[in-house]
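Working through the structure, step by step
The primary structure of each chain is shown beneath.
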Number of protein chains: 2
Amino acid sequence: MNTQFKRGILEICVLALLAENDQYGYAIIHALSQHIDVGENTVYPILRRLTKEGYTETYLTESKAGAPRKYYTMTKLGFAHYMKQRDEWSAFLAGVYQILNRGGKKHEDLYRRFKARTEKTTTE
Amino acid sequence: MNTQFKRGILEICVLALLAENDQYGYAIIHALSQHIDVGENTVYPILRRLTKEGYTETYLTESKAGAPRKYYTMTKLGFAHYMKQRDEWSAFLAGVYQILNRGGKKHEDLYRRFKARTEKTTTE
DNA sequence: ACACAGTACTATACGTTACACAATACCTGA
DNA sequence: TCAGGTATTGTGTAACGTATAGTACTGTGT
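Let us look at the structure shown here. Each chain has its residues counted from 1, running along the sequence as written. Lettering of chains starts at A and numbering of ligands starts at 1, both following the order in which they are written. Owing to the predicted nature of the model, reporting of local features is limited to residues with pLDDT of at least 70; listing and counting of side-chain atom pairs is limited to 80 or more, with chain, interface and lining totals taken over all residues. Note that the side-chain values use all heavy atoms of the structure and ignore hydrogens as well as water.

Side note on the protein's contact with DNA strand D
- For DNA strand D, the set of nearby residues contains 28 residues, the closest of which are Arg69(A), Lys70(A), Lys6(B), Arg7(B) and Asn41(B).
- What qualifies as a polar contact is a pair of N or O atoms within 3.5 Å, subject to a donor-acceptor requirement within protein and to the restriction that residues adjacent in sequence count only when both atoms come from side chains. Between Tyr44(A) and DNA strand D, the recorded distance is 2.8 Å, taken from a side-chain N or O atom to a phosphate oxygen.
- Runs of E in the DSSP output that reach at least two residues are strands. Runs of H or I that reach at least four are helices, and both are numbered from the N terminus. Of all elements in the fold, only α2 (25-33), α3 (40-52) and β3 (69-74) of chain A together with α3 (40-52) of chain B reach the threshold of two or more residues within the surface near DNA strand D.
- Per-element accounting of the surface near DNA strand D gives the leading share, five residues, to α3(B).
- Amino acids outside the nonpolar list (Ala, Val, Leu, Ile, Met, Phe, Trp, Tyr, Cys, Pro) and the charged list (Asp, Glu, Lys, Arg) are all regarded as polar, and Gly is one of them. In terms of residue class, the surface near DNA strand D is built from ten nonpolar, nine polar and nine charged. To be near a molecule or strand, a residue needs just one of its heavy atoms within 4 Å of it.

Points about empty space enclosed by the protein
- Residues are called lining when one of their atoms sits within 4 Å of a cavity or pocket point, these points coming from a 1 Å grid over the protein atoms alone, where a cavity is a set in which a 1.4 Å probe fits but cannot get out and a pocket is an open set with protein on both sides within 12 Å along at least five of seven lines. Grid points are joined across faces, edges and corners, and a volume is the space filled by probe spheres set on the points. On inspection of all chains with the given rule, the structure shows two cavities of 30 Å³ or more.
- Each pocket or cavity is described by its volume, and for the largest cavity that value is around 100 Å³.
- Residue lining of the largest cavity: eleven residues in total, with Ala16(A), Ala19(A), Glu20(A), Arg102(B) and Leu110(B) positioned closest to the centre.
- Elements with a contribution of two residues or more to the lining of the largest cavity: α1 (9-20) of chain A together with α4 (76-100) and α5 (107-119) of chain B.
- No other element matches α1(A), which puts three residues into the lining of the largest cavity.
- Split into classes, the residues belonging to the lining of the largest cavity amount to six nonpolar, two polar and three charged.

Details of the relation of the copies chain A and chain B
- Each copy superposes on the other: chain A lies on chain B with an RMSD of 0.1 Å after a rotation of 180° and an axial shift of 0.0 Å. Here the two chains are linked by the operation of a two-fold rotation axis.
- The contact definition used throughout considers only heavy atoms, calling two residues in contact when any of these lie within 4.5 Å. Most of the interface of chain A is mirrored in chain B, where 98% of its interface residues are also at the interface. Superposition of the copies used a least-squares fit over C-alpha atoms from residues whose pLDDT is at least 70 in both.

Quick word on the packing of helix α2 (residues 25-33) of chain B against α3(B)
Residue and element names in this part refer to chain B.
- The N-to-C vectors of α2 and α3 enclose an angle of 125°; their axes lie 10 Å apart at closest approach. In terms of orientation, α2 lies oblique with respect to α3. Judged by the twist between their axes, the crossing of α2 over α3 is right-handed. Residue-level inspection shows Gly25, Tyr26, Ile28, Ile29 and Leu32 of α2 in contact with α3, the latter providing Glu40, Val43, Tyr44 and Leu47.
- The class makeup of the residues in the contact of α2 with α3 is seven nonpolar, one polar and one charged. Note on method: axes are straight lines fitted to C-alpha atoms, helices fitted across the in-contact stretch only, with angles between N-to-C directions ranging 0 to 180 degrees. Angle categories: roughly parallel below 35 degrees, roughly antiparallel above 145, roughly perpendicular from 65 to 115, and oblique for all the rest. By convention the crossing between two helices is left-handed if the near helix lies anticlockwise of the far one by an angle smaller than a right angle, and right-handed if it lies clockwise.

Observations concerning the pattern of salt bridges
- A side-chain nitrogen of Lys or Arg and a carboxyl oxygen of Asp or Glu constitute a salt bridge if their distance falls within 4 Å. Counted by the stated rule, this structure contains nine salt bridges over all chains.
- With a closest N to O distance of 3.5 Å, Asp22(A) and Arg117(B) form a salt bridge. Here Asp22(A) is found in the loop between α1 and β1 (23-24), whereas its partner Arg117(B) is found in helix α5 on a different chain.
- The shortest N-O distance in the salt bridge between Glu11(B) and Arg49(B) comes to 2.9 Å. Linking Glu11(B) in helix α1 (residues 9-20) with Arg49(B) in helix α3, this pair joins segments that are 38 residues apart in sequence.
- The buried label goes to any residue with under 20% of its type's maximum accessible area, the exposed label to any with over 50%, and the partly exposed label to all in between, with areas taken from a 1.4 Å probe on protein chains only. Look at Glu11(B) and you get buried, because its relative accessible area is 11%.

Section: the sheet that holds strand β2 (residues 56-61) of chain A
Residue and element names in this part refer to chain A.
- If you trace the three strands from one edge of the open sheet to the other, you get β1-β3-β2, paired in antiparallel fashion. For this open sheet the edge positions go to β1 and β2, each flanked by a neighbour on one side alone.
- DSSP calls a pair of strands paired once it identifies at least 2 bridges connecting them. As judged from the two bridges shared by β1 and β3, these two strands associate in the antiparallel manner. Its bridge partner being in β3, Tyr24 is matched across the sheet by Tyr71.

Section: the interface of chain A and chain B
- Each partner contributes residues to the interface: chain A has 49 residues there, and chain B has 48 residues.
- Between chain A and chain B lies a buried interface of about 4900 Å² when both sides are counted; carbon and sulfur atoms form 67% of it.
- By the criterion of area lost to chain B, the three top residues of chain A are Phe5(A), Phe92(A) and Ile99(A), representing 15% of everything that side buries.
- Linking chain A to chain B there are four salt bridges.
- The partner of Arg102(A) in a salt bridge is Glu20(B), and the shortest N-O contact between them spans 3.3 Å.
- Counting every contact that joins chain A to chain B gives 17 residue pairs in polar contact (both at pLDDT 80 or more).
- Looking at the side of chain A that touches chain B, the elements with two or more residues in it are α1, α4 (76-100) and α5 (107-119) of chain A.
- Looking at the side of chain A that touches chain B, the element that brings in the most residues is α4(A), giving 17 residues.
- Residues that form the side of chain A that touches chain B fall into these classes: 25 nonpolar, eleven polar and 13 charged. Once two parts are put together, the accessible area they lose, assessed with a 1.4 Å probe and summed over both, is termed the buried area.

Everything listed here is a matter of coordinates, which is why it stays silent on function.
Here it is as structure tokens:
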């Protein structure tokens, strides 16, 4: 999986979970990794950054099954940031959609077109 | 606009245009910039990278209105790469969609939920 | 003839972010 | 006590968008 795709979007995904409920890092990682390929080395830094920037705050709770958990809770600033990021993301997606889906969208269409074009110009 | 969003996707967008027809850099930049915010400093490096990796090849043509144009043409390898990237992108998007669109999707819904949650726990 | 705008491309340096690698620490069950 | 699941932190690296700057060619207005 192209790791570049995740840049910027992972943060939004984390914010999306925190907009629902307070969560601790490990749980967030599990939730995210059910849908996208992501590990602890990636998510924890995001959580630290969000906190550093005032988008989230933390509190510790003890756990019966392991080390204490650091819960992250979204601030109002964080929610506003989340809304803004969502907007930018969907605007960006709309633009990309326009570019990727001109003419034939399906692979067969694309392949037929490409093949037709390359064959008449002695490519090989 | 979050510049991070573009990582990896810009390359796909360029490939999408080249899958249709041979194009020169300046034209590609114009086509892309109608839909997403992107400049020459970003696109030319991508074109060079694509060529370096064998996904595109180039040929020069003279132009009546300016410097000679370097046309980029997609190789078979490039087309295969394009198809693969498209697949990965849509798989990634599907995952992100699952995460971002659980429960209420619209801003009003999200806001109502967030507000309700924060108000009952003496935030402020 | 010269400045200038538009066209077209190249090169260097930097910042952000995902992530590999590594370490720490707590608890439970065999 | 040792493995394994839980839970977090820190360091270093690589990719890629992009700001900045520069080269070079053509046609037009003055």
